[in-house]
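Observations on the three-dimensional arrangement
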Amino acid sequence: VQLQASGGGLVQAGGSLRLSCAASGSTFKTYVMGWFRQAPGKEREFVASINWNGNSANYADSVKGRYTISKDNTNNTVNLHMNSLKPEDTAVYYCARGRLYYSGTYSKSNDYDAWGQGTLVTVSS
């Protein structure tokens, strides 16, 4: 599978961005998908995940109420709508594909087996 993330950029605090991740392959609809981020000098951290059919999502406490993850199984995309952005949201954002037939929580990097290249989000104060 190939995952291609896009939509990053520079935005002022309080602004919004939408990230998209396009996936190749015909089995996209069977997978949990997630977003992670890595700020300079910090470890990669979980942001959000969504189940195979898009009707259940989980969020990190730091983004809950501000971010919304969505999944489009027709177009093989997973999106991350980010509102009320803060300077501390500045990071490279990665989309990832969850391991199939897995009992993990999908909140850790090891719960995923394929990663996109990342897209940079910079939030200015």
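Before going into details, it helps to say that this report is about the structure given with it. Here the structure is a predicted model, which means the values were calculated and not measured.

Cut-offs applied
Residues numbered from 1 in each chain as written. Predicted model: local features only at pLDDT ≥ 70, side-chain atom pairs only at ≥ 80, totals over all residues. Heavy atoms only, no water. Disulfide = S-S within 2.5 Å. Helix = DSSP H or I, 4+ residues; strand = E, 2+ residues; numbered from the N terminus. Buried < 20%, exposed > 50% of the residue type's maximum accessible area, 1.4 Å probe, protein only. Pairing = 2+ DSSP bridges. Axes fitted to C-alpha atoms, helices over the stretch in contact; angles between N-to-C directions. Phe/Tyr/Trp six-rings, centres within 6.5 Å; stacked < 30°, edge-to-face > 60°. Lys NZ or Arg CZ within 6 Å of the ring centre and 35° of its normal.

Re the state of the cysteines
For the structure on display, the rule yields 1 disulfide. At a sulfur-sulfur separation of 2.1 Å, the disulfide partner of C21 is C95. Here the disulfide of C21 and C95 is right-handed, its torsion about the S-S bond being about 60°. Here C21 is found in strand β3 (residues 17-23), whereas its partner C95 is found in strand β9 (residues 91-98), with 74 residues between them in sequence. Taken individually, C21 and C95 each receive the classification buried, so the pair is uniform in this respect.

Considerations on the sheet that holds strand β8 (residues 77-82)
Read across the open sheet, the 4 strands follow the order β1-β3-β8-β7; overall the sheet is antiparallel. If you trace the sheet from one side to the other, it starts and ends with β1 (3-6) and β7 (67-72), each paired once. Between one strand axis and the next, the sheet turns through 15° on average, direction left out of account. With 6 bridges connecting them, β3 and β8 associate as antiparallel partners.

With respect to the pairing of β3
Each regular strand carries side chains that alternate between the two faces of the sheet. Counting buried positions over the 7 residues of β3 gives 5, a clear majority of the element. Here β1 runs beside β3; their pairing, made up of 4 bridges, is antiparallel. Paired with A5 across the bridge in β3 is C21.

Description of unusual backbone geometry
A positive phi angle is found at N76, which is not glycine, with a value near 55°. Mapped onto the elements, N76 comes out in the loop between β7 and β8. Here Y106, not a glycine, exhibits a phi torsion of approximately 60°, which is positive. Tracing the backbone through its elements, the reader meets Y106 in the loop between β9 and β10 (112-115).

Focus: the packing of aromatic side chains
Here a ring pair, both rings aromatic, is described through the centre-centre distance and the interplanar angle of the planes. According to the stated counting rule, one finds 6 aromatic pairs in the structure shown. For the ring pair F36 and F46, a centre distance of 5.7 Å and an interplane angle of 75° mean the geometry is edge-to-face. Here F36 is found in strand β4 (residues 33-38), whereas its partner F46 is found in strand β5 (residues 45-50), with 10 residues between them in sequence. By relative accessible area, which is 14% here, F46 ends up buried. Of the aromatic side chains, those joined through ring pairs into one cluster are F36, F46, Y102, Y106, Y112 and W115. A cation over an aromatic ring shows up here: K71 above the ring of F28, its NZ or CZ 4.3 Å from the ring centre. The ring of Y31 has R97 sitting right over it, with the charged end atom 4.3 Å from the ring centre.

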